[in-house]
Amino acid sequence: MAKIISVCIAKGGVGKTTTSVNLAASLALAEKSTLLIDIDPYGSSAVAMGFTPDRIKAGISEIFNFAKAIDYTIHKTDLPYLDFVPANINSIQNDERFAKMTENRVILKNALKDVKSRYDFIIIDCPPTLRGITLNALTASDSVLIPVKCGHFSLDAVDKLFDYISWVREVSNPYLDIEGILLTMYEKNSKVTEISERELRLKYAGYMLETTIPVTNLLNEATFYGKPLCLYKINSEGSLAYINLSYELITKNQESIIKNQE
Ligand code: ADP
Ligand code: MG
């Protein structure tokens, strides 16, 4: 059974999409069968994966309005071990209809039952909001990966997310775990990074992942070419950081992966 991880925090611009895309691609490079799902109505994962609208046959909209089985929304990618479900909510009118549909919080969970056994990991790129579709993702997930942008004071957003996760455990997913807090856009020798890191480590010591993601323009540049960084410049600091992250998560989840392969 796949380990389902939501990449989530109610803050924009902190590296959720970059982390989802590059982590999913790095897991696939390690030959872990991976499904990346974009549930952010703005659909930035599709851009980062090089999917223009004409290449998208169906996506998260069809899953939520029960128009198509999830299999029909799964797209092959340049990496043999990586599949992708894009978000294809492309008008405000659709967005509103979509918000209504996501009130049923088990839709994604039920849809994933049909494909869970085929993957080692399912990575869900969440929008910067809680509620609605994010609640669907957290209800369907085994754990939450929390990207925190250094220097962008995010402790408050982390506190709120922990509260929200406690509530989700009570109302719809008692097994929801925390995969860890990931420091993104990490600047060595920066006072601001140092202060925010210290605060986080004080409060959330047990949750901090070992890997940190450095600030590097190549991660931004690769999206313009519609590629995860490992397919653009594999030997770059950013690409290696996400490969390290995939290694950390594979090691952490080794037991469940072995069980899956038996
Ligand atoms: P979110 O999904 O949380 O809104 P994104 O992943 O889209 O955040 O990142 C926001 C912006 O920051 C994007 O332009 C992205 O290319 C850039 N970015 C993300 N991670 C890094 C990094 N480690 N170094 C430099 N730029 C980054
Ligand atoms: Mg995003």
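Everything quoted here is computed from the prediction, not taken from an experiment.

**A word on the layout of surface pockets**
Then comes step 1: What the largest pocket holds in volume is close to 520 Å³.
Then comes step 2: In this structure, the largest pocket is lined by 23 residues; those nearest its centre are Gly13, Val14, Gly15, Thr18 and Met185.
Then comes step 3: For the lining of the largest pocket, the secondary structure elements donating two or more residues are helix 1 (16–29), helix 2 (44–48), strand 7 (177–186), strand 8 (208–214) and helix 10 (217–224).
Then comes step 4: Ranked by residues supplied to the lining of the largest pocket, first place goes to helix 10 with four residues.
Then comes step 5: The class makeup of the residues in the lining of the largest pocket is 10 nonpolar, 11 polar and two charged.

**Description of the environment of Ile250**
Then comes step 1: When you line up the elements, Ile250 lands in helix 11 (residues 237–252).
Then comes step 2: Here the alpha-carbon distance between Ile250 and Thr77, two residues 173 residues apart in the chain, equals 21 Å.

**What about the site of ligand 1?**
Then comes step 1: The immediate surroundings of ligand 1 are formed by 14 residues, with Gly13, Lys16, Thr17, Thr18 and Pro214 found nearest.
Then comes step 2: Within the side chain of Lys16, one N or O atom sits 2.8 Å away from an oxygen atom of ligand 1.
Then comes step 3: Thr18 places a polar side-chain atom, nitrogen or oxygen, 2.5 Å from an oxygen atom of ligand 1.
Then comes step 4: Coverage of ligand 1 by the protein amounts to 78% of the 560 Å² it exposes when considered alone.

**Regarding the pairing of strand 2 (residues 34–38)**
Then comes step 1: When you tally the buried positions in strand 2, you get five out of five residues, the bulk of the element.
Then comes step 2: Burial along strand 2 is two-sided: the residues Thr34, Leu36 and Asp38 and Leu35 and Ile37 are all buried.
Then comes step 3: One ladder, built from four bridges, connects strand 2 with strand 4 (residues 82–85); its direction is parallel. Residue pairing across strands places Leu35 opposite Asp83, the latter belonging to strand 4.
Then comes step 4: Bridge count between strand 2 and strand 5 (residues 121–125): five bridges; the pairing is parallel.

**Notes on the sheet that holds strand 5**
Then comes step 1: What the eight strands build is an open sheet, ordered 3-4-2-5-1-6-7-8; its pairing is mixed. Each of the sheet's edge strands pairs with one partner strand only, and the pair in question is strand 3 (75–76) and strand 8.
Then comes step 2: Pairing of strand 1 (residues 3–7) with strand 5, which is carried by five bridges, proceeds in the parallel orientation. Paired with Val7 across the bridge in strand 5 is Asp125.
Then comes step 3: Where helix 1 meets the sheet, its contacts fall on strand 1, strand 2, strand 4, strand 5, strand 6 (143–149) and strand 7, and the angle it forms with strand 5 comes to roughly 165°.

**Observations concerning unusual backbone geometry**
Backbone geometry follows two general trends: most residues other than glycine have a negative phi, and most peptide bonds adopt the trans configuration.
Then comes step 1: Its identity as a non-glycine residue notwithstanding, Glu31 has a phi of 60°, on the positive side.
Then comes step 2: On the basis of relative accessible area, Glu31 is assigned to the exposed category, the value being 52%.
Then comes step 3: The backbone of Asn189 shows a phi angle near 60°, a positive value even though the residue is not glycine.
Then comes step 4: Tracing the chain through its elements places Asn189 in the loop between strand 7 and helix 9 (191–203).

**Overview of the side chain of Ser20**
Then comes step 1: The residue Ser20 is located in helix 1 in this model.
Then comes step 2: Residue classification places Ser20 among the buried residues on the basis of a relative accessible area of 0%.
Then comes step 3: Filtering out sequence-adjacent residues up to four positions away, Ser20 remains in contact with Val7, Leu36, Ile123, Ile124 and Asp125.

**Notes on helix 7 (residues 132–140)**
Then comes step 1: Of all nine residues making up helix 7, eight are buried, and the element is well covered by its neighbours.
Then comes step 2: Residues of helix 7 that are buried: Ile133, Thr134, Leu135, Asn136, Ala137, Leu138, Thr139 and Ala140.

**Some details on the pattern of salt bridges**
Then comes step 1: Taken as a whole, this structure holds 10 salt bridges when the rule is applied.
Then comes step 2: The salt bridge involving Lys100 is made with Glu103; its shortest N-O contact spans 3.5 Å.
Then comes step 3: The exposure class of Lys100 is exposed, given its relative accessible area of 57%.
Then comes step 4: Glu103 gets classed as exposed once you look at its relative accessible area, which sits at 56%.
Then comes step 5: In this structure, the salt-bridge partner of Asp159 is Lys203, at a minimum N-O distance of 3.1 Å. You can see Asp159 sitting in helix 8 (residues 155–171) and its partner Lys203 sitting in helix 9, a full 44 residues away along the chain.
Then comes step 6: Take Lys203: its relative accessible area is 48%, and that puts it in the partly exposed class.
Then comes step 7: A single network of salt bridges, built from pairs that share partners, joins Lys3, Glu179 and Lys252.

Definitions and cut-offs
Residues numbered from 1 in each chain as written. Chains lettered and ligands numbered in written order. Predicted model: local features only at pLDDT ≥ 70, side-chain atom pairs only at ≥ 80, totals over all residues. Heavy atoms only, no water. 1 Å grid on protein atoms, 1.4 Å probe; cavity = no way out; pocket = protein on both sides within 12 Å on 5 of 7 lines; lining within 4 Å. Points joined across faces, edges and corners; volume = space filled by probe spheres on them. Helix = DSSP H or I, 4+ residues; strand = E, 2+ residues; numbered from the N terminus. Nonpolar A, V, L, I, M, F, W, Y, C, P; charged D, E, K, R; others polar. Near = heavy atom within 4 Å. Polar contact = N/O pair within 3.5 Å; in protein donor to acceptor, adjacent residues only side chain to side chain. Areas by Shrake-Rupley, 256 points an atom, 1.4 Å probe, with all protein chains shown as cover. Buried < 20%, exposed > 50% of the residue type's maximum accessible area, 1.4 Å probe, protein only. Pairing = 2+ DSSP bridges. Contact = heavy atoms within 4.5 Å. Axes fitted to C-alpha atoms, helices over the stretch in contact; angles between N-to-C directions. Salt bridge = Lys/Arg side-chain N within 4 Å of Asp/Glu carboxyl O.

Function-wise, these values are silent; they only describe arrangement.
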